[in-house]
Amino acid sequence: MGLDIKELIAEREIERYRLHSSYLNEQMVHVLKTIGFDRRYQRGVGQYLYDERGEKYLDLLSGWGVFAIGRNHPTVREALKAVLDSELPNLVQMDVSVLSGVLAERLLGFAPHLDKVFFSNSGAEAVEAAIKFARTATRRPGIVYCSHAFHGLTYGSLSLNGDPNFRADFGPLLPECFEIAFNDLAALEQALASRPIAAFIVEPIQGKGVIIPNDGYLQGAFELCRKYGTLFIADEIQTGLGRTGRFLASEHWGIEPDMVLLAKSLSGGHVPVGAVLTHKWVFDKVFNCMARAVVHGSTFSKNDLAMAAGLATLQVIESERLIDKSAQVGKRLLHSFEEMSRRHELIKSVRGKGLMIGVEFGSPRSPKLRASWKLLETASNGLFCQLIVIPLFNDHRVLTQVAGHGSHTIKLLPSLTISDEDCGWIEQSFEAVIASAHRTTGAVWKLGKTLISNTVRARSTHQLHDRGSLALADGIIE
Ligand SMILES: Cc1ncc(COP(=O)(O)O)c(C=O)c1O
């Protein structure tokens, strides 16, 4: 008898939070219940989620950026079904597959200055490969990364993480990894000049906080890397595949990185996959003889389902012109948020490219509002943003997240498929919630009081990690 997955889900649905509390991450269940995000979603279609009551939500997280083409896209589903129906040999290992060859060829078509592709199972694994390749290719140990960087949570990638909250208690990390400030060329030059540095790794737009590089920063960093014989690695795991209105965000600044890392959206949201795109000479140093043909790799990378998901995703991005769409829709939203910032003093700045947008809040000028802000931020740094995120979700069914620990920035990372109507939904809901946050007697600040007392209570009972408190619900991974 086969396994009836639909029946299994229907039967056990009622137990989902208990199962997670018992067997998985109990703290995640606490977070969801504390902020009222426990909605028992039943379906995901495109940019929308549907809960058990059939309520429709607009998802601006897109699974931390994996659903660039939306959830359950028919082209990806058809490609995956076709792979299963074809009884392909898959993962023979002592063979090479067609689909991985074709996907590599197609990806390199988007980065024609590069020649080779290494496939992994996740973003962090692509980062791990890049670290190993850079060290082998240059015969140097050092890796330079930026403050606030996020490259994943495995040991190598965690060693390049610019947020102490993620690193704490996990040491010792990889040696010879050096942090410098983002946007600081002098710091980069000093780091490159003082030691043998294999690679400088950078997100062209930093995901934590949506930090855009200053004019000339990435070009300057690229030139410095050339000057010191250091490889320039662009981590485009979040920014790649059209997210910022170009296939690669590096293109905005005319950079041709020595390595480009991709993952997230390439999966079509269905089958995890990552990729390192690089020069032939780098590959030739790593895989330099037959005895080293499998010196780096992993069992499941290049599996047919992942390769088919990648190919189908690229096809959708092209056929639906999602890169242009991301640029245009992003421009509209950015403009709307800039307009909003003129009306609302709590908005400090608005940043973004394409459909990667950050709305940053800051301490207001008006004395009464300022006092309320201070109270909340004293209880927990970054707590103010929950005053926006929670009503956006509860009152407007718009799912967002804070862009990092202690951050005052809410990040929008929707599917690139969002419509004009969705933009109206976003604009009206943000406007309503932010306007209400300017009235200290309104519902938003009543929620603020509840959050402060929850935070204090959670700290005392250790329900939530005392360092992060409610900010635990902030950009946990992406
Ligand atoms: C820029 C960047 N690099 C690397 C990663 C790690 O990817 P993964 O979670 O697939 O390991 C992420 C994940 O959020 C990311 O945003």
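Our structure's up above, just so we're on the same page.
Draft legend 1. How the structure looks around the nonpolar core. Ranked by internal contacts, the top residues of the largest apolar core, which has 88 residues, are Leu-107, Leu-277, Phe-361, Phe-384 and Phe-430. With nine residues, helix α13 (residues 304-319) is the single largest residue contributor to this core. Excluding anything up to four places from it in sequence, Phe-430 contacts Leu-60, Phe-337, Met-340, Leu-392, Thr-400, Ile-410, Leu-412 and Ala-435. Listed in part, the 28 residues of the second largest apolar core include Ile-180, Leu-188, Ala-191 and Val-210.

Draft legend 2. Layout of the packing of helix α5 (residues 74-85) against α13. Contact geometry for α5 and α13: axes closest at 9 Å, N-to-C directions at 150 degrees. Compared by their axis directions, α5 and α13 come out roughly antiparallel. Considering the relative orientation of α5 and α13, their crossing is right-handed. Seen from α5, the contacting residues are Thr-75, Val-76, Ala-79, Leu-80, Val-83 and Leu-84; seen from α13, they are Asp-304, Leu-305, Ala-308, Ala-309, Ala-312, Thr-313 and Val-316. Of the residues assigned to the contact of α5 with α13, the class counts are 10 nonpolar, two polar and one charged.

Draft legend 3. Local environment of the environment of Val-92. As for its position among the elements, Val-92 is in the loop between α5 and α6 (98-109). Sequence separation between Val-92 and Asn-303 is 211 residues; the distance between their C-alpha atoms is 9.5 Å.

Draft legend 4. The arrangement of the sheet that holds strand β3 (residues 56-59) in detail. The strand order β1-β2-β3-β13 describes an open sheet built from four strands, whose pairing is mixed. Each edge of the open sheet carries a strand with a single partner, namely β1 (41-45) and β13 (398-399). Direction of pairing for β1 relative to strand β2 (residues 48-51): antiparallel, over a ladder of four bridges. The residue of β2 that forms the bridge with Arg-43 is Tyr-50. Against the sheet, helix α17 (residues 420-437) engages β2, β3 and β13, with an angle of about 90 degrees to β3.

Draft legend 5. Looking closely at the site of the ligand. The ligand sits among 13 residues. The nearest are Gly-123, Ala-124, Asp-235, Gln-238 and Lys-264. Residue Gly-123 places a main-chain N or O atom 2.8 Å away from an oxygen atom belonging to the ligand. With the chains in place, 86% of the 390 Å² that the ligand exposes on its own is no longer accessible. Its residues assigned to classes, the shell around the ligand comprises four nonpolar, five polar and four charged.

Draft legend 6. Looking closely at the packing of aromatic side chains. According to the stated counting rule, one finds 17 aromatic pairs in the structure shown. Ring centres of Phe-133 and Phe-287 lie 6.0 Å apart, and the angle between their planes is 80 degrees; on these two criteria the pair is classed as edge-to-face. Of this pair, Phe-133 sits in helix α7 (residues 123-138) while Phe-287 sits in the loop between α12 (280-286) and α13, and the two are 154 residues apart along the sequence. Both rings, one in Phe-384 and one in Trp-445, keep their centres 6.1 Å apart while their planes meet at 40 degrees; by these two values the pair is tilted. Here Trp-445 lies in helix α18 (residues 443-461) and Phe-384 lies in the loop between α15 (367-379) and α16 (386-396), a separation of 61 residues in the sequence. One aromatic cluster is present, built from ring pairs that chain together Phe-37, Tyr-41, Tyr-57 and Phe-393. Taking the ring centre of Tyr-50 as reference, the NZ or CZ of Arg-43 above it sits at 4.5 Å.

Draft legend 7. Quick peek at the pairing of strand β4 (residues 116-120). Across the five residues that make up β4, a large majority, four, are buried. Here β4 pairs with strand β10 (residues 274-278) via five bridges, running antiparallel. Note that in β10 the partner of Lys-116 across the bridge is Thr-278.

Draft legend 8. Focus on the sheet that holds strand β9 (residues 259-262). Within the open sheet, the seven strands sit side by side as β4-β10-β9-β8-β7-β5-β6. Their pairing is mixed. Each of the sheet's edge strands pairs with one partner strand only, and the pair in question is β4 and β6 (177-180). Sheet twist, expressed as the mean angle between neighbouring strand axes with direction ignored, is 20 degrees. In the packing of helix α11 (residues 217-228) onto the sheet, the strands contacted are β5 (142-146), β7 (197-202) and β8 (231-235), and the crossing angle to β8 comes to about 145 degrees.

Draft legend 9. Expanded view of the environment of Leu-99. Among the secondary structure elements, Leu-99 is positioned in helix α6. By relative accessible area, which is 21% here, Leu-99 ends up partly exposed. Considering only alpha carbons, one finds Leu-99 and Lys-81, 18 residues apart in sequence, at a separation of 15 Å.

Draft legend 10. Seen up close, unusual backbone geometry. Here the bond from Gly-171 into Pro-172 is cis, since omega is 0 degrees, no more than 30 degrees from zero. Note on placement: Pro-172 falls in the loop between α9 (164-167) and β6. Even without a glycine there, the phi angle at Ser-62 is positive, about 40 degrees. Positionally, Ser-62 belongs in helix α4 (residues 62-65). With relative accessibility at 0%, the residue Ser-62 sits in the buried group. With a phi angle near 60 degrees, Arg-139 is a residue other than glycine that sits in the positive phi range. Its location among the elements puts Arg-139 in the loop between α7 and β5. Looking at Arg-139, the relative accessible area reads 66%, which means it is exposed.

So, how was this worked out
- Sequence order as written defines residue numbering, which begins from 1 separately in each chain.
- A pLDDT threshold of at least 70 governs which residues receive local features in this predicted model, and a stricter bar of 80 or more applies before side-chain atom pairs are shown or counted, although totals over entire chains, interfaces and linings include all residues.
- Calculated side-chain values reflect all of the structure's heavy atoms, with hydrogen atoms and water omitted.
- We define the nonpolar core as a collection of buried residues of types Ala, Val, Leu, Ile, Met, Phe, Trp, Tyr and Cys that are connected through side-chain atoms lying within 4.5 Å of one another.
- The buried label applies to any residue whose accessible area, calculated with a 1.4 Å probe on protein chains only, is under 20% of its type's maximum; exposed applies above 50%, and partly exposed to all values in between.
- Strands here are runs of E lasting at least two residues and helices are runs of H or I lasting at least four, both read from the DSSP assignment and numbered beginning at the N terminus.
- Any two residues whose heavy atoms approach within 4.5 Å at even a single point are treated as in contact.
- Axis lines are fitted through C-alpha atoms, for helices just across the contact stretch, and the angle between N-to-C directions can take any value from 0 to 180 degrees.
- Should an angle fall under 35 degrees it is taken as roughly parallel, and over 145 as roughly antiparallel, whereas 65 to 115 is taken as roughly perpendicular and any remaining angle as oblique.
- The handedness criterion is simple: a crossing whose near helix is rotated anticlockwise from the far helix by less than a right angle is left-handed, and one whose near helix is rotated clockwise is right-handed.
- Each residue receives one of three labels: charged for Asp, Glu, Lys and Arg, nonpolar for Ala, Val, Leu, Ile, Met, Phe, Trp, Tyr, Cys and Pro, and polar for the others, Gly being one of them.
- Two strands make a pair as long as DSSP finds a minimum of two bridges between them.
- Nearness is judged by heavy atoms alone; a residue qualifies as near a molecule or strand once a single heavy atom is within 4 Å of it.
- Throughout this description, a polar contact denotes any pair of N or O atoms lying within 3.5 Å of each other; where both atoms belong to protein, one of them has to be capable of donating a hydrogen while the other can accept it, and for residues adjacent in sequence the pair is counted only when both atoms sit in side chains.
- Residue exposure ignores everything except the shown protein chains as possible cover, and the areas themselves are Shrake-Rupley values with a 1.4 Å probe.
- Each pair of aromatic rings taken from Phe, Tyr and Trp, with Trp reduced to its six-membered ring, is defined by centres within 6.5 Å and is described as stacked if the planes are under 30 degrees apart, edge-to-face if over 60, and tilted in the remaining cases.
- Any Lys NZ or Arg CZ found within 6 Å of a ring centre and within 35 degrees of that ring's normal is scored as a charge over the ring.

Don't take any of this as a statement about function, it's just geometry.
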